[in-house]
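Breakdown of the fold
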Amino acid sequence: GEHPLFVFCEDGIYAMTVGTDVVYATSRPMSRHVCTSGKSIKGLDQVVAFATIQGLMVVSGSDVECISTGINGFLPSCSDSSPIIKKILDVAKFGACISAAEFKDYIVGAEIGYNSKEREVIVSNCFYPYSYVYSLTSQSWFKIPISIRSFVNTYPDILALSEVTNNGITTTNVYDMDNSHRSVST
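Below, the structure is looked at part by part. The structure displayed is predicted, hence computed values, not measured ones. (Residues numbered from 1 in each chain as written. Predicted model: local features only at pLDDT ≥ 70, side-chain atom pairs only at ≥ 80, totals over all residues. Heavy atoms only, no water.)

**Overview of the nonpolar core**
The biggest cluster of nonpolar side chains holds 23 residues, and the ones touching the most others in it are Leu56, Phe103, Val121, Val123, Tyr132 and Trp141. Elements with a minimum of two residues in this core: β5 (48-52), β6 (55-60), α2 (103-106), β8 (111-115), β9 (120-124) and β10 (131-135). Not counting chain neighbours up to four residues away, the residues in contact with Trp141 comprise Leu56, Ile67, Ser68, Ile71, Phe103, Val123, Tyr132, Val133 and Tyr134. Formed by 10 residues, the second largest nonpolar core is a distinct cluster that contains Ile122, Ile148, Ala160 and Met177. (Core = buried A, V, L, I, M, F, W, Y, C linked by side-chain atoms within 4.5 Å. Buried < 20%, exposed > 50% of the residue type's maximum accessible area, 1.4 Å probe, protein only. Helix = DSSP H or I, 4+ residues; strand = E, 2+ residues; numbered from the N terminus. Contact = heavy atoms within 4.5 Å.)

Now the structure itself:
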């Protein structure tokens, strides 16, 4: 494309252009958005996704867009939005389904995986018992009750590793993120 290399720096993103005598001739500031975690930089089909304190951003050509504006702020299912919500959900045994933080706080330190077959961006922070999924097809967000420690890309497949501790015993689960059932194998 126009910029075959993006460089993520402490003061923003720089786009590198191809030179004639050298590999990369020039760089120019493209955006002042600062990536919060190297694990959040993920190449998707036509864009590059990365996390910032403003939310989840995508770079397409020379444009940078925030795709998480719809879920930024206090969500109706965020325990910080009301002290009574968590109590009600705990009684119904749905306490683990509630968001424990605003998305802008959740995404700091998050890792991103990409399910290319379903065109889903999976955002996971291992300190929370859930992950967020963004469908590029429907341009909508949903949550899954899986805390992912890391992703294993075996393109075109994607696997996720998760640790679960019960009675002091830690088990590593491998999830096949390619199917709608998110099957588990221990």
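Structure shown, so let's carry the discussion forward.
**Quick notes on unusual backbone geometry**
In this structure, Gln139 takes a positive phi of about 55° despite not being glycine. With respect to the secondary-structure elements, Gln139 resides in the loop between β10 and β11 (140-144). Notably, Asn167 is not glycine yet its phi reads approximately 55°, a positive angle. Structurally, Asn167 is set in the loop between β13 (157-166) and β14 (169-176).

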